[in-house]
Amino acid sequence: MADKVLMAELTWPEFEARIKQGVTVFLPLGTTEQHGPHMALNVDVVLPTAVCERVAKNVGGIVAPTIPYGYKSMPRSGGGESFPGTTSLDANTFSLVVRDVIRALGRDGVRRLVVVNGHFENCWPGVEGVDLGLRELKRDGVADMQVMKLEYWDFVRRETLDRLFPDGFPGTELEHASLLETSLMLLLRPDLVDMSKIPSDGPAKFPPYDRHPIPKGFVPASGVLARAQGSSAEKGQWLMDDHVELITNAVRAEFGL
Ligand SMILES: [Zn+2]
């Protein structure tokens with residue numbers, strides 16, 4: 001039982017027993033969104049889930065089911081909402097989903113939660129969900145739940161980025177469906193990547209502002225915002241090693257594990 005890392009694979013008595021032992025729960029925030037013509041729609045579900053599974057193993061934690069829909073795709077970080085398959089929630093809806101899950105976990109007795117975001121646009125609506133969840137729990141008399149909330153891609157060493165981008169890192173937003181995500185998918189789910197379909201219409205040249213509605217040609221037609229050429233499973237492993245090690249260290253430090 002102690003080896004099982006996915007909450008959904010536990011029975012309720014097993015889950016209850018883990019909570020009584022003071023288990024740390026991980027909640028990945030994903031979405032269903034276009035990731036170019038060369039990758040499946042579930043990249044932002046696969047990646048944070050995989051990171052959470054590995055960190056949870058390191059600290060004896062468990063991973064709650066990943067939230068599969070996220071806040072709306074923005075043109076300058078995810079290509080926007082016009083791509084078939086990008087399936088999003090309003091910010092308010094997404095926040096309330098996060099709130100409700102946190103409230104339920106808190107009522108069950110979970111006292112240490114790590115919310116791991118895997119979709120850029122979820123960042124602030126995710127914070128809102130955490131805040132609302134804790135507020136409700138407090139009103140219900142649960143005031144001692146501790147939450148860490150993080151974006152997994154922030155946990156990477158400068159040297160690793162320098163190795164991956166000898167000409168300079170383009171930035172996390174532009175990295176959508178590009179080298180980082182493609183390399184991690186090649187490591188984890190090569191069956192969901194088709195390297196022969198990597199486009200060459202990027203990198204996107206965005207102005208420092210948004211337009212509503214989105215003008216024609218504002219976003220590269222492929223949906224890939226930077227470059228995916230040169231992606232490899234080996235590079236994915238460098239990234240994954242950093243993500244897992246650095247997040248494990250942070251969780252151990254914060255929660256004294
Ligand atoms: Zn993504």
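J.: I'd like to hear about the overall build of the chain, residue by residue, with values.
T.: Along the chain, the regular secondary structure elements total 8 helices and 6 strands. Its helices and strands taken in sequence order, the chain reads α-β-α-β-β-α-β-α-β-α-β-α-α-α from the N to the C terminus. Relative to its length of 257 residues, the chain is compact, with a C-alpha radius of gyration of 19 Å against a globular reference of 18 Å. Judged by the C-alpha coordinates and their principal axes, the chain covers about 55 × 40 × 30 Å. Within the span of the chain, comprising 257 residues, buried residues form 52% of the whole. Looking at the chain alone, contacts between residues at least 24 apart form 79% of all its contacts between residues at least 6 apart. Of the roughly 11,900 Å² of accessible surface on the chain, a fraction of 52% belongs to carbon and sulfur atoms. For the chain, the centre of its 27 positive side-chain charges and the centre of its 34 negative side-chain charges are spaced 2 Å apart.

J.: Which residues make up the pattern of salt bridges, and what values do they have?
T.: Per the counting criterion, the structure on display carries 16 salt bridges. Here Asp140 ties to Arg107 by a salt bridge, and the two come within 2.7 Å at their closest N and O atoms. In this pair, Asp140 sits in the loop between helix 5 (123-139) and strand 6 (146-151) while Arg107 sits in helix 4 (residues 91-108), placing the two residues 33 residues apart along the sequence. Ionic pairing is found between Lys149 and Glu151, a salt bridge with its closest N-O pair at 2.7 Å. Bridged by salt links that share partners, the residues Arg99, Asp100, Arg103 and Glu136 form one connected network.

J.: Any details on helix 1 (residues 12-20)? Residues and values, ideally.
T.: Taken residue by residue, helix 1 has Glu14, Phe15, Arg18 and Ile19 as its buried positions. Buried residues of helix 1, viewed axially, fall in a sector of 140°; they line one side. The exposed set on the far side of helix 1, more than 90 degrees from its buried face, consists of Trp12 and Lys20. Along its buried surface, helix 1 packs onto strand 2 (62-63) and helix 4. At the C-terminal side of helix 1, Gly22 shows a positive phi close to 80°.

J.: How would you explain the environment of Leu113 if you had to name every residue and give the values?
T.: Within the element layout of this structure, Leu113 appears in strand 5 (residues 112-117). What Leu113 contacts, discounting residues up to four positions off in sequence, is Val25, Leu27, Ile102, Leu105, Met145, Gln146, Val147, Met148 and Phe255.

So, how was this worked out
- Residues numbered from 1 in each chain as written.
- Predicted model: local features only at pLDDT ≥ 70, side-chain atom pairs only at ≥ 80, totals over all residues.
- Heavy atoms only, no water.
- Helix = DSSP H or I, 4+ residues; strand = E, 2+ residues; numbered from the N terminus.
- Rg over C-alpha atoms; globule rule 2.2 N^0.38 Å.
- Buried < 20%, exposed > 50% of the residue type's maximum accessible area, 1.4 Å probe, protein only.
- Contact = heavy atoms within 4.5 Å.
- Areas by Shrake-Rupley, 256 points an atom, 1.4 Å probe, with all protein chains shown as cover.
- Lys, Arg positive; Asp, Glu negative; His and termini not counted.
- Charge placed at Lys NZ, Arg CZ, Asp CG, Glu CD.
- Salt bridge = Lys/Arg side-chain N within 4 Å of Asp/Glu carboxyl O.
- Arc of directions from axis to C-beta.

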